[in-house]
Number of protein chains: 4
Amino acid sequence: MTSISSKSGYGALDALRGLCVVAQTPFDAEGAVDLKSVDTLAEFYFKHGAAALTVLGVAGEAPKLTQDESLAVAERYIRAAQGRPIIVGVSNAGVAQLAELTAQVMDRGAAGVMIAPPGGLKTEEELFSYFAAVFKRIGDVPVVLQDFPFSTGTWMSVASMLTLIERHPQIRVIKEEDLPSITKITRLRAGTGRRVGILTGNNAMFLPLEMGRGIDGPMAGFSHPEMLSGVYELYTAGRVQEAHELFDTYLPLLSYENQSQWGVAVRKEILRRRGAIKSAVMRSPGPVLTPTDHAEIDFLLSRLDRALAARR
Amino acid sequence: MTSISSKSGYGALDALRGLCVVAQTPFDAEGAVDLKSVDTLAEFYFKHGAAALTVLGVAGEAPKLTQDESLAVAERYIRAAQGRPIIVGVSNAGVAQLAELTAQVMDRGAAGVMIAPPGGLKTEEELFSYFAAVFKRIGDVPVVLQDFPFSTGTWMSVASMLTLIERHPQIRVIKEEDLPSITKITRLRAGTGRRVGILTGNNAMFLPLEMGRGIDGPMAGFSHPEMLSGVYELYTAGRVQEAHELFDTYLPLLSYENQSQWGVAVRKEILRRRGAIKSAVMRSPGPVLTPTDHAEIDFLLSRLDRALAARR
Amino acid sequence: MTSISSKSGYGALDALRGLCVVAQTPFDAEGAVDLKSVDTLAEFYFKHGAAALTVLGVAGEAPKLTQDESLAVAERYIRAAQGRPIIVGVSNAGVAQLAELTAQVMDRGAAGVMIAPPGGLKTEEELFSYFAAVFKRIGDVPVVLQDFPFSTGTWMSVASMLTLIERHPQIRVIKEEDLPSITKITRLRAGTGRRVGILTGNNAMFLPLEMGRGIDGPMAGFSHPEMLSGVYELYTAGRVQEAHELFDTYLPLLSYENQSQWGVAVRKEILRRRGAIKSAVMRSPGPVLTPTDHAEIDFLLSRLDRALAARR
Amino acid sequence: MTSISSKSGYGALDALRGLCVVAQTPFDAEGAVDLKSVDTLAEFYFKHGAAALTVLGVAGEAPKLTQDESLAVAERYIRAAQGRPIIVGVSNAGVAQLAELTAQVMDRGAAGVMIAPPGGLKTEEELFSYFAAVFKRIGDVPVVLQDFPFSTGTWMSVASMLTLIERHPQIRVIKEEDLPSITKITRLRAGTGRRVGILTGNNAMFLPLEMGRGIDGPMAGFSHPEMLSGVYELYTAGRVQEAHELFDTYLPLLSYENQSQWGVAVRKEILRRRGAIKSAVMRSPGPVLTPTDHAEIDFLLSRLDRALAARR
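What you see is a predicted model, and the numbers here were worked out from it, not measured in a lab.

1. What about the overall build of chain A?
A count of helical and extended segments in chain A gives 13 helices and eight strands. Taking 2.2 N^0.38 as the reference for a compact globule, 312 residues should give roughly 20 Å; the C-alpha atoms of chain A span a radius of gyration of 19 Å, in line with that estimate. Projected onto its principal axes, the C-alpha positions of chain A cover 55 × 45 × 35 Å. For chain A, the residues scored as buried account for 62% of the 312 residues in total. Across chain A, the fraction of contacts at a sequence separation of at least 24, relative to all contacts at a separation of at least 6, is 72%. As displayed, chain A offers around 11200 Å² of accessible surface, 52% of which is attributable to carbon and sulfur atoms. Counting 33 positive and 34 negative side-chain charges, chain A places the averaged centre of each group 3 Å from the other.

2. Focus on the interface of chain B and chain A
Where interface size is given, it is often the accessible area lost as the parts come together that is meant. Taken together, the contact pairs 27 residues of chain B with 27 residues of chain A. Summed over both sides, the interface of chain B with chain A buries roughly 2400 Å², with 58% coming from carbon and sulfur. For chain B, the biggest contributors to the area lost against chain A are B:Arg213, B:Gln259 and B:Arg303; these three give 20% of the whole. Between the two partners, chain B and chain A, sit six salt bridges. For the salt bridge of A:Arg213 with B:Asp293, the shortest nitrogen-to-oxygen distance reads 2.8 Å. Looking at the side of chain B that touches chain A, the elements that each hand over two or more residues are helix H8 (181-189), helix H9 (207-213), helix H11 (240-257) and helix H13 (291-311) of chain B. Counting residues per element, the side of chain B that touches chain A draws most heavily on H11(B), which supplies nine residues.

3. Comments concerning the relation of the copies chain B and chain A
The operation relating the two chain copies consists of a rotation about an axis and a shift along that axis. Expressed as a screw transformation, the operator carrying chain B onto chain A has a rotation angle of 180° and an axial translation of 0.0 Å, and the superposed copies differ by an RMSD of 0.0 Å. Such a combination of turn and shift is consistent with a two-fold rotation axis. Of all interface residues in chain B, 100% are interface residues in chain A too; the two copies therefore contact each other through one and the same surface.

4. Quick look at the environment of B:Leu65
If you trace the backbone, B:Leu65 turns up in the loop between strand E2 (52-55) and helix H3 (67-81). Note: C-alpha distance between B:Leu65 and B:Ala32 (33 residues apart in sequence) is 9.7 Å.

5. Comments concerning the relation of the copies chain A and chain C
Expressed as a screw operation, the relation of chain A to chain C combines 0.0 Å of axial shift with a rotation of 180°, fitting to an RMSD of 0.0 Å. The share of interface residues of chain A whose copies in chain C are also at the interface is 100%, consistent with both copies meeting through the same surface.

6. What to know about the interface of chain A and chain C
Every contact between the two is made by eight residues of chain A and, on the other side, eight residues of chain C. Taken over both partners, the interface formed by chain A and chain C buries close to 840 Å², and the fraction arising from carbon and sulfur atoms is 55%. Applying the counting rule to chain A against chain C returns two salt bridges. Here C:Glu125 ties to A:Arg187 by a salt bridge, and the two come within 3.0 Å at their closest N and O atoms. Where chain A touches chain C, the interface holds three residue pairs in polar contact (both at pLDDT 80 or more). Taken together, the residues of the side of chain A that touches chain C sort by class into two nonpolar, two polar and four charged.

7. Quick notes on helix H5 (residues 124-138) of chain B
Its 15 residues give H5(B) an end-to-end C-alpha distance of 21 Å, which sits within 8% of 21 Å, the value for a rise of 1.5 Å per residue. Looking at H5(B), one finds that the buried residues are B:Glu124, B:Leu127, B:Phe128, B:Tyr130, B:Phe131, B:Ala133, B:Val134, B:Phe135 and B:Ile138. Tucked inside the fold, the buried residues of H5(B) contact helix H4 (95-107), strand E4 (112-115), strand E5 (143-147), helix H7 (158-167) and strand E6 (171-176) of chain B together with helix H5 (124-138) of chain D. Directly after H5(B), the chain includes B:Gly139, whose backbone phi takes a positive value near 70°.

8. Some thoughts on the pattern of salt bridges
Evaluated as defined, the whole model comprises 90 salt bridges over all chains. In this structure, D:Glu269 and D:Arg272 form a salt bridge, with 2.9 Å as the shortest nitrogen-oxygen distance. Note that D:Glu269 and D:Arg272 are positioned in helix H12 (residues 260-273) at a spacing of three residues, about one turn of the helix. A single network of salt bridges, built from pairs that share partners, joins A:Arg17, A:Arg189, A:Arg195 and A:Asp216.

9. Brief notes about the packing of helix H10 (residues 225-236) of chain B against H11(B)
Residue and element names in this part refer to chain B. Between H10 and H11, whose axes approach to 8 Å, the crossing angle comes to 160°. On the basis of the axis angle, H10 is roughly antiparallel to H11. In this structure, the crossing between H10 and H11 has a hand that is left-handed. Of H11, the residues touching H10 (which contributes Glu 226, Met 227, Gly 230, Val 231, Leu 234 and Tyr 235) are Val 240, Glu 242, Ala 243, His 244, Leu 246, Phe 247, Tyr 250 and Leu 254. Class assignment of the residues belonging to the contact of H10 with H11 gives a composition of 10 nonpolar, two polar and two charged.

10. Topic: the UniProt feature "binding site: pyruvate" (unreviewed entry) in chain A
Residue and element names in this part refer to chain A. Under the present numbering, the feature "binding site: pyruvate" (unreviewed entry) in UniProt falls on Met 219. Assignment of secondary structure puts Met 219 in strand E8 (residues 217-220). The class for Met 219 is buried, based on a relative accessible area of 0%. For Met 219, the residues in contact, after removing those within four places along its chain, are Cys 20, Val 22, Thr 54, Ile 87, Met 114, Val 144, Lys 175, Leu 199, Thr 200 and Gly 201.

11. With respect to the sheet that holds strand E2 (residues 52-55) of chain A
Residues and elements named next belong to chain A. A barrel is described by the order of its strands in space; here eight strands give the closed sequence E1-E2-E3-E4-E5-E6-E7-E8, paired in parallel fashion. Taking each pair of neighbouring strands and ignoring which way they run, the sheet shows an average axis angle of 25°. As judged from the three bridges shared by E2 and strand E3 (residues 86-89), these two strands associate in the parallel manner. Directly across from Leu 53, in E3, lies its bridge partner Ile 86. Strands in contact with helix H2 (residues 35-47) are strand E1 (20-22) and E2; relative to E2, the strand with the most contacts, it is inclined by about 140°.

12. Thoughts on helix H12 (residues 260-273) of chain A
End to end, H12(A) covers 20 Å across 14 residues, agreeing with the expected 20 Å (1.5 Å per residue, within 8%). Counting buried positions along H12(A) yields 10 of 14 residues, so the element is predominantly enclosed. Listed in full, the buried residues belonging to H12(A) are A:Trp262, A:Gly263, A:Val264, A:Ala265, A:Val266, A:Arg267, A:Lys268, A:Glu269, A:Ile270 and A:Leu271. Along its buried surface, H12(A) packs onto H2, helix H11 (240-257) and helix H13 (291-311) of chain A together with H8 of chain B. One or two residues past the end of H12(A) sits A:Gly275, with phi positive at roughly 85°.

13. Structural notes on the sheet that holds strand E5 (residues 143-147) of chain C
Spatially, E1-E2-E3-E4-E5-E6-E7-E8 (chain C) is the arrangement adopted by the eight strands of the closed barrel, whose pairing is parallel. Geometrically, the sheet is characterised by an average inter-axis angle of 25° between neighbouring strands, direction not taken into account.

14. Some thoughts on the packing of aromatic side chains
Counted by the stated rule, this structure contains 24 aromatic pairs over all chains. Both rings, one in D:Phe222 and one in D:Tyr250, keep their centres 6.2 Å apart while their planes meet at 85°; by these two values the pair is edge-to-face. Placement of D:Phe222 in the loop between strand E8 (217-220) and helix H10 (225-236) and of D:Tyr250 in helix H11 (residues 240-257) is noted, with a sequence separation of 28 residues between them. Judged by relative accessible area, D:Phe222 falls into the buried class, the value being 1%. Each member of the aromatic cluster is reached from another via a ring pair, and the members are A:Tyr130, A:Phe131 and A:Phe135. The ring of A:Phe46 has A:Arg84 sitting right over it, with the charged end atom 3.9 Å from the ring centre.

About the cut-offs
- Residues numbered from 1 in each chain as written.
- Chains lettered and ligands numbered in written order.
- Predicted model: local features only at pLDDT ≥ 70, side-chain atom pairs only at ≥ 80, totals over all residues.
- Heavy atoms only, no water.
- Helix = DSSP H or I, 4+ residues; strand = E, 2+ residues; numbered from the N terminus.
- Rg over C-alpha atoms; globule rule 2.2 N^0.38 Å.
- Buried < 20%, exposed > 50% of the residue type's maximum accessible area, 1.4 Å probe, protein only.
- Contact = heavy atoms within 4.5 Å.
- Areas by Shrake-Rupley, 256 points an atom, 1.4 Å probe, with all protein chains shown as cover.
- Lys, Arg positive; Asp, Glu negative; His and termini not counted.
- Charge placed at Lys NZ, Arg CZ, Asp CG, Glu CD.
- Buried area = accessible area lost by both parts, 1.4 Å probe.
- Salt bridge = Lys/Arg side-chain N within 4 Å of Asp/Glu carboxyl O.
- Least-squares fit on C-alpha atoms with pLDDT ≥ 70 in both.
- Polar contact = N/O pair within 3.5 Å; in protein donor to acceptor, adjacent residues only side chain to side chain.
- Nonpolar A, V, L, I, M, F, W, Y, C, P; charged D, E, K, R; others polar.
- Expected span 1.5 Å × (residues − 1).
- Axes fitted to C-alpha atoms, helices over the stretch in contact; angles between N-to-C directions.
- Parallel < 35°, antiparallel > 145°, perpendicular 65-115°, else oblique.
- Left-handed = near helix turned anticlockwise from the far one by under 90°.
- UniProt positions renumbered as here; feature names shortened; annotations may be inferred.
- Pairing = 2+ DSSP bridges.
- Phe/Tyr/Trp six-rings, centres within 6.5 Å; stacked < 30°, edge-to-face > 60°.
- Lys NZ or Arg CZ within 6 Å of the ring centre and 35° of its normal.

Take a look at the structure:
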């Protein structure tokens, strides 16, 4: 077992409660990284209730960046966060590259890194070996363990996850996005070992129910993060019915954005319309919205406006 | 190319519009097929607006039945339907078994069969070879081609699907449940060949938008089929906003049931509560609901009741 | 844990030593099952040293048969074996169908059944649940557990396999065809639980080394089964170098047949040339040999003839 | 279509005939890259008949290296090759990283790069889009297209490969390691478009037959590259039977090394014994040989020695 130093480095992840936005990576019209939009987008997220950000995830188009670009994006987000926690996705089948990026971003002030197991781990034996190699290599770094089997192709049972938590004290938070997430959260919380944070993904499609199952907040992207933070606040204040009502108001749009990379294209377009980023472009290869898609977005946003007006 | 006889056998699938419910297979508490509940469930579906039923799909637990049981369930549904169309899922990696079940159910009065490509077809060449063998073997039988890659593991591009439609006149309907379904529907409809019906799956999660993209109705399971038929009726009557409003009222529950086999367990429980089937049990191996799950269902149903009351 | 009766039913599998041929299913030129060739092929196998046969495996084109055909083939092999053990492949994602076929073939005199886990078992929890359901359903039947992850897509660690052996006394034999098989055999043999037989697959590509690692014989198909039985005999007689020499003489042809379904087409062609079956046809969809392929087979067989002549 | 400049850069790949060794990456006992052993290993390969080397492939443990290490290994091999062609594996799901490494190694004198499609390309449409993005980004660089579906999970039909060759003039060589390779080679050679080189992989398990099907040589790793170059020389000199005899002499060892990463561990151990590298260690996570494995290697090498002695 790795020994964890007493330094305060684990505090940020241990204290994480509320909304952690899965941040987009903005590009300009030519596909170059747009660092100025990182600033405006970070400001947008925090203004709408984010307690922390996760950058360079799958929805952040991380696999399309060079290593230098990854580092530049992470650094800019860290600077823009002005002390609020930035978690950096570093998942990589190659342990050496994973460890290198981890060291670089921690050195620049990240609060921790997020790691999902790569595809191709065939048995629990291989899963445990992989993480033994990873944790040995990265050392004393706070980690979010991401359980996202539909993306990675590697499934972890609750028992396996509890074993990983027990073996590796660096794991402070689980990002749970297996389905059904709700039953898995209940079973994780019933585990008798060390308490870790649980944040949920799946674009927050089940957020209020997941709150009822014992999570610490959502870790998700959405064009309207104020809903995610609002649901969290209402639910933790005991206003459960209001939390559901707020959630349901946005659910048609949330569901619309919950369509993998195409949904990310929609989200970026709405973020652009809201002034959070300058260009909605996704780096190639990626989806491109058609006029029909744009008209559908218009329609859904106008329905949302009316529904919000009716709530007031 | 197979030549299609002029017999009226293709009429039922060609005329298919509106709600086609993906039907559950009821079991009793010991896990035996409950044919009496087939009768009550079929009545329930038709009373709530079904124009047709699809039986023995994945959500119908078909892979857990013996061949004799499959045939018994199909027959009972056909009898209960009293002339309304029953489509029978016959997907099978083995062409001989697929053809045998097809012949048996067509002989007993099915309106057609639904076929998804099996997993393990590695190239379009293999996809085309597989369907050439299938259509040669089954002959002159109306077919719903199911595009459900997340379940089968075999992806079909729009171009491939249009080729299959062109080569095999037996294909009368596409069940589209790739994601995003909406963009794929638009591209299928833009194809210049023979017109086929398009019904959509994915538990109808995008039904009103899919209606706007040109589908002929939903082919989905839901504990409240009256919503699916209602959205279809409203939309085709030009009452688009009302269609969306009706849909959105049920969306939290629809989304809750959209969690693969666990969602099917929820659906069967609600169908039981509504008196449509006698027991909610799923045949082993399958999920079993906990008291926490039941309480969540209570909560969601009471919220739905209130929302429906507010609409009146 | 299932309790195993004291009836002698387990004796055949427990006593299994030597060559167990993975038998082909013969078809006639039109693709119908050729039961007369089952008789001649069974005779051929036993004449060339088979101690037992495994029928209806992947190489036996089982997935292309109807259930009735499967049963007819199994019955015919059982009759032709005249008391020697026939193991029947019954693998099926559907437990009901698996159990039904198991009961039918055991009733007709099979020595046991062979079961591989289906694809789609995502965690060890799901693996154990699947087999719990299977063994509960089939009851007191001797089983060969097949470990063939490249075909099934489901990987089992040595630890998982030892757990299954411990939990389910019906498991009497392991068919080991993960790669490297040799290291896995060593680790299985190092397990401290109940002894089971280990036979190896992978078309016997590593047979003499696997003998050195502690197996009880090959379970494989080959157009020249006399090599497989010969290597087994020599090795168990302590004539290790001779066993290797015999093996190496056939290795180019063995390797040539070790090319999945295409290799099976080659094997059937050579079995036809040797008079063991009437037609080499594989049921559609399946590979068809070209004149170039036939010329290559001629070439390899003539090289084999010369090499065998040189050994005399 | 990309236009190809008239510069001589394509000459090295166009002229490639004979043995192209898939080179190992040597590490020291602590797992650090051992650049001195790159020198001795390159010398060993060329001394035993290599016409070119492919570095940073899967067998070269490329996924375990950082980007800087990858570049250092490639550079060292280029220097050690003293003008002979070095092909660098640059496969990466991320086009940006792929393009960056391509530019870096071409700048340092590589003869070309080898690219396999990543996993997760679901249709031919996606396959073509991926390579359109790749070739647009890397520009005028000679490319080996690697067809290795068992490793990548992405299958390419012959028709798809011919389309890629037609669209992208940068493709000069195919590395064919689908199975059966022999029939695919025949079908590729029957394609009527631009001629490309075909080298074969699969650890050269079918080398002499592949020669007969029209390849230009092997691209494979083996502890005894003199066999690979010898078979090529004999075959091209018309001495077909001798080519087969030489091949068959080494086949038991070749097959033994043909066991994925475990086979690579064996290969590195034998290369160490032959003085080609200083340490046989594979970077973690990777297989570690046991005393039993070492004894088996001793046994196989002594058998090889005897067989070679008998040939003289």
